[in-house]
Amino acid sequence: MGDLRKRGVVALGVTALVAPLTLAIGATPAQAASCTTSAGPYQKKVEKFLGRPVDGKQSAADCKAIRAFQNKHGIRPNIGYAGPVTWGVMNLMNKQKAVGKNPNKAGKCPTNKGRIACVDLTLQLSWIQDGKKLVYGPVPVRTGRNGYETRTGLKKVYWRNKNHVSTIYDVPMPYSQFFDGGQAFHSVGVSMWNPPGSHGCVNMTGTAAKKYWSLLKKGDDVYVYGRKPGT
């Protein structure tokens, strides 16, 4: 599901992973917002991803670039530290890019169902195919976080509501297409790489959700497989 209200808990859940111990324990909000001078364990990898000089040393410019990335994708704390959460997002982006236009290369999404929406939880990608023909995508998606995992298996779109509002979280879920209980494709207003993930729904950008709305109909198959990193 959409989880715009509860993203604030991310800072508590990941601070110890992405910040030096001195910042992770007892830091005030003002201190946590400052730019760290500490090099992180993924410093060189993060520098390379951002096109920075790869020297493994934290500079003011490095920190500014890392913080900009963290702010863009809602990664907290946003102190410019090259920790595992920040690198995890970047690494996923690299893997998604490498897929190109052949997301079903391994043949894990059924090709004998006609039109079907595929969701690869491991790579956080979704696409629509018809047999072996790629119809749309792949596009990055944001699926269920730990404890709220998007359920795997073969399903069908059973209800569509263009202007749905979650009765649980009281948040808009535009272009909702439900395929498993309360789990649905729908658009959200946050980055597709915003950790830790949704409450089970397959979050999409507005553009992708509208396209799925135009391509899918009630009764169409949905196949979800893999495992979201961190779950």
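Note that the structure is predicted; figures quoted are calculated from it, not measured.

Basis of the calculations
Residues numbered from 1 in each chain as written. Predicted model: local features only at pLDDT ≥ 70, side-chain atom pairs only at ≥ 80, totals over all residues. Heavy atoms only, no water. Phe/Tyr/Trp six-rings, centres within 6.5 Å; stacked < 30°, edge-to-face > 60°. Helix = DSSP H or I, 4+ residues; strand = E, 2+ residues; numbered from the N terminus. Buried < 20%, exposed > 50% of the residue type's maximum accessible area, 1.4 Å probe, protein only. Lys NZ or Arg CZ within 6 Å of the ring centre and 35° of its normal. Pairing = 2+ DSSP bridges. Axes fitted to C-alpha atoms, helices over the stretch in contact; angles between N-to-C directions. Contact = heavy atoms within 4.5 Å. Core = buried A, V, L, I, M, F, W, Y, C linked by side-chain atoms within 4.5 Å. Salt bridge = Lys/Arg side-chain N within 4 Å of Asp/Glu carboxyl O.

When we look at a pair of aromatic rings, we describe it by the centre distance and by the angle of the planes. Evaluated as defined, the whole model comprises 9 aromatic pairs. Ring centres of Phe185 and Tyr212 lie 5.1 Å apart, and the angle between their planes is 65 degrees; this geometry places the pair in the edge-to-face category. Residue Phe185 is found in strand 7 (residues 183-187), and its partner Tyr212 is found in helix 7 (residues 206-215); the two are separated by 27 residues along the sequence. In this pair, the class of Phe185 matches that of Tyr212, namely buried. Members of the aromatic cluster, each reached through a chain of ring pairs, are Tyr136, Phe179, Phe185 and Tyr212. Looking at Arg160, its charged tip hangs above the ring of Trp213, at a distance of 3.9 Å from the centre.

Among the 6 residues in strand 2 (residues 125-130), 5 count as buried, and that is most of the element. Pairing of strand 1 (residues 115-120) with strand 2, which is carried by 6 bridges, proceeds in the antiparallel orientation. From the neighbouring strand, Ile116 faces strand 2, where its bridge partner is Gln129. Counting the residues that bridge the hairpin from strand 1 to strand 2 gives 4 residues, and of these Gln124 lies at a positive phi of roughly 55 degrees. Bridging between strand 2 and strand 3 (residues 133-140) involves 5 bridges; their strand directions are antiparallel. From the neighbouring strand, Gln129 faces strand 3, where its bridge partner is Leu134. Adjacent in sequence and paired antiparallel, strand 2 and strand 3 are bridged by 2 residues, among which Gly131 carries a positive phi angle near 65 degrees.

So, on to the sheet that holds strand 7. Across the sheet, 4 strands lie side by side as 5-6-7-8; this open sheet has mixed pairing. With one partner strand each, in any of the chains shown, strand 5 (159-165) and strand 8 (202-204) form the two edges of the open sheet. Put simply, the sheet's adjacent strands are angled 20 degrees from each other on average, direction ignored. Of the strands in this sheet, strand 5, strand 6 (172-180), strand 7 and strand 8 are in contact with helix 7, which crosses strand 6 at around 50 degrees.

Formed by 21 residues in total, the largest nonpolar core has its most connected members in Ala117, Val139, Phe185, Met204, Tyr212 and Val222. For this core, the secondary-structure elements that each account for two or more residues are strand 1, strand 3, strand 6, strand 8, helix 7 and strand 9 (221-225). With 5 residues, helix 7 is the largest single contributor of residues to this core. Excluding residues that lie within four positions of it along the chain, Tyr212 makes contacts with Ala117, Cys118, Ser126, Trp127, Ile128, Tyr136, Val139, Gln177, Phe185 and Met204. Ile66, Val89, Met90 and Met93 belong to the second-largest nonpolar core, a separate cluster that totals 10 residues.

For the structure shown, the criterion picks out 5 salt bridges. In this structure, Asp180 and Arg151 form a salt bridge, with 3.1 Å as the shortest nitrogen-oxygen distance. With Asp180 in strand 6 and Arg151 in the loop between strand 3 and strand 4 (153-156), this residue pair connects regions lying 29 residues apart in the sequence. Between Lys217 and Asp220 there is a salt bridge; the shortest N-O distance is 3.1 Å. Beyond isolated ion pairs, a larger network of salt bridges with shared partners links Arg151, Lys155 and Asp180.

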